Amino acid sequence: MKAKKTKSRPGYWLQDRPVSKLSVYDESMPEAPYRRPIMQFLLTFTAVFGVLFAVLNYRQADYGLMAIEIVMSVFALGLLPIVSRTQRLQLWIVVFLLAFFAVMMYALTTAKVVPTVFAWVLLIPILSYLLLGRWLGAWFAGVFLSASGVIFFSQYGFEQGYTELRSVANVVLVSICIFGFSHVYEASREHAESRLRMMALTDPLTGLPNRARLREVFEAGLSRYERHSTPMALLMLDLDHFKDVNDRYGHDAGDAVLRFVAQVMRARLRPSDMACRIGGEEFCVVLVDTDRAQAIKAAEDLCRQVRMQRCVHRGHEISLSTSIGIAEIGVDGIDLDRLLRVADTRLYEAKTRGRDCVVA
Ligand SMILES: Nc1nc2c(ncn2[C@@H]2O[C@H](COP(=O)(O)OP(=O)(O)OP(=O)(O)O)[C@@H](O)[C@H]2O)c(=O)[nH]1
């Protein structure tokens, strides 16, 4: 890691700023957990009703549609165990929905169907949004609803008079409503879910990621280490004599100091690194792609920054310093709890050496 030169600011006034969205949350949202059971239900439904419809179409001598329905039924049955455990659920959902909707379109074009078969198209927006999310769902719903509209008009066009026109209007309007409701619902659900995720992974006082997020980021770093031997270091950082700050200036000054230190770390660290608050006045920093020598430099620079930046709260200048213990993945272990223990032992050593220093 190249040590980044930070501009020293002459005075740093504490402010209660709103917490901005952190880059460490930018990873894609984990897959929505309800999609797998919905997909399993859809596959079971297709497997069972595919056979039933095939029997009905056999009795109507529509052998083409019958054959397609049997193929779909077998396909759904075969996909059931795969979907129950695959890591690539999204891919299988796309594959199956493409086939499912394509068969639906084909069934709509067959001459022997009755107009009520068009009720099935109402499933298109619901399934698309539930299984594919807002944007891909919108594409699927838009394309297949448009296709079914074209099929409907080509089969029951205006030449059949006013009665048919009314049924066309019913189907079109209900489809548009369901499309719109599904879109609005999915958008607000995604928003609520990402807010909940942010809250669950964030320390409310400093806005830094918390211990739960540390674990997620560590796991990603661990798999990079195992695959490509990419180094990673953990810094355990603890403010010195923080109790004195609380005792002397009050608890709200202590809180302000914690926010101040969080801002100093944010300003100092690279976007790929992550500082999180893991306890009262204890922070942990994950330095990705960083070995021990580079981690020592970064830690010493953090110590210097905390010591040098002016921390002023309600007219009082509060002097701060911090002690840091370092652990390196691979050298000190590969398990997060073990690495935290090693870094903590070294942090304790830094405290006994007189504080405001780094032990690696
Ligand atoms: N204001 C504030 N104080 C906190 C918070 N969490 C923990 N503390 C305080 O942090 C202090 C930690 O004190 P100690 O563990 O004795 O550590 P210290 O005074 O920093 O001493 P050394 O670590 O040995 O340098 C305690 O007084 C806690 O009450 C918090 O969220 N806000």
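What counts as what
- Residues numbered from 1 in each chain as written.
- Predicted model: local features only at pLDDT ≥ 70, side-chain atom pairs only at ≥ 80, totals over all residues.
- Heavy atoms only, no water.
- UniProt positions renumbered as here; feature names shortened; annotations may be inferred.
- Core = buried A, V, L, I, M, F, W, Y, C linked by side-chain atoms within 4.5 Å.
- Buried < 20%, exposed > 50% of the residue type's maximum accessible area, 1.4 Å probe, protein only.
- Helix = DSSP H or I, 4+ residues; strand = E, 2+ residues; numbered from the N terminus.
- Contact = heavy atoms within 4.5 Å.
- Axes fitted to C-alpha atoms, helices over the stretch in contact; angles between N-to-C directions.
- Parallel < 35°, antiparallel > 145°, perpendicular 65-115°, else oblique.
- Left-handed = near helix turned anticlockwise from the far one by under 90°.
- Nonpolar A, V, L, I, M, F, W, Y, C, P; charged D, E, K, R; others polar.
- Phe/Tyr/Trp six-rings, centres within 6.5 Å; stacked < 30°, edge-to-face > 60°.
- Pairing = 2+ DSSP bridges.

Within an unreviewed UniProt entry, the label attached to the chain reads diguanylate cyclase, and the organism entered is Salinisphaera shabanensis E1L3A. Comment text from UniProt for the chain, heading Cofactor (unreviewed entry), reads "Mg(2+)". Taken verbatim from the UniProt record of the chain, the Catalytic activity (unreviewed entry) comment is "2 GTP = 3',3'-c-di-GMP + 2 diphosphate".

**Considerations on the nonpolar core**
One finds L235, V257, M265 and I324 to be the most contacted residues of the largest nonpolar core, which totals 33 residues. Every element with two or more residues in this core is listed here: β1 (232-239), α7 (242-249), α8 (251-268), β3 (282-288), α9 (292-308) and β6 (322-328). The element contributing the most residues to this core is α8, with eight residues. The residues contacting M265, other than those within four sequence positions of it, are L208, L237, A275, F283, V285 and L302.

**Concerning unusual backbone geometry**
Among all residues except glycine, the phi angle is most often negative; among peptide bonds, the trans geometry is most common. Although it is not a glycine, A61 sits at a positive phi angle of roughly 60°. By secondary structure assignment, the location of A61 is in the loop between α1 (35-59) and α2 (63-85). What makes A61 partly exposed here is its relative accessible area of 41%. With a phi close to 55°, D289 is a non-glycine residue in the positive phi region. Turning to its location among the elements, D289 is positioned in the loop between β3 and α9. The class of D289 is partly exposed, set by a relative accessible area of 46%.

**Some details on the packing of helix α3 (residues 89-109) against helix α4 (residues 123-155)**
Contact geometry for α3 and α4: axes closest at 10 Å, N-to-C directions at 15°. By the angle between their axes, α3 is roughly parallel relative to α4. Crossing handedness for the pair α3 and α4: right-handed. Of the residues in α4, those in contact with Q90, I93, V94, L97, L98, F100, F101, A102, M104, M105, L108 and T109 of α3 are I124, L127, S128, L131, L132, L136, F140, F144, A147, S148, I151 and Q155. Residue composition of the contact of α3 with α4, grouped by class: 19 nonpolar, five polar and no charged.

**A short note on the packing of aromatic side chains**
Under the definition given, this model contains eleven aromatic pairs. Where F53 meets W120, the ring centres are 6.0 Å apart and the plane angle is 80°; that geometry is what we call edge-to-face. Of this pair, F53 sits in helix α1 while W120 sits in the loop between α3 and α4, and the two are 67 residues apart along the sequence. Each ring, one from Y129 and one from F179, has its centre 6.0 Å from the other, and the planes form 55°; the classification is tilted.

**Quick word on the environment of R266**
Here R266 lies in helix α8. A sequence separation of ten residues divides R266 from C276, and the C-alpha atoms of the two residues are 9.9 Å apart.

**Some remarks on the sheet that holds strand β7 (residues 358-359)**
Reading across the sheet, the five strands line up as β2-β3-β1-β6-β7 and stay open at both edges, with mixed pairing between neighbours. Edge strands, defined here as strands with exactly one partner in the open sheet, are β2 (274-277) and β7. In this sheet, β3 lies alongside β2 in antiparallel orientation, the contact comprising four bridges. Considered in β3, the bridge of A275 is made with V285. Along the sheet, helix α10 (residues 336-352) makes contact with β1, β3, β6 and β7, crossing β6 at roughly 145°.

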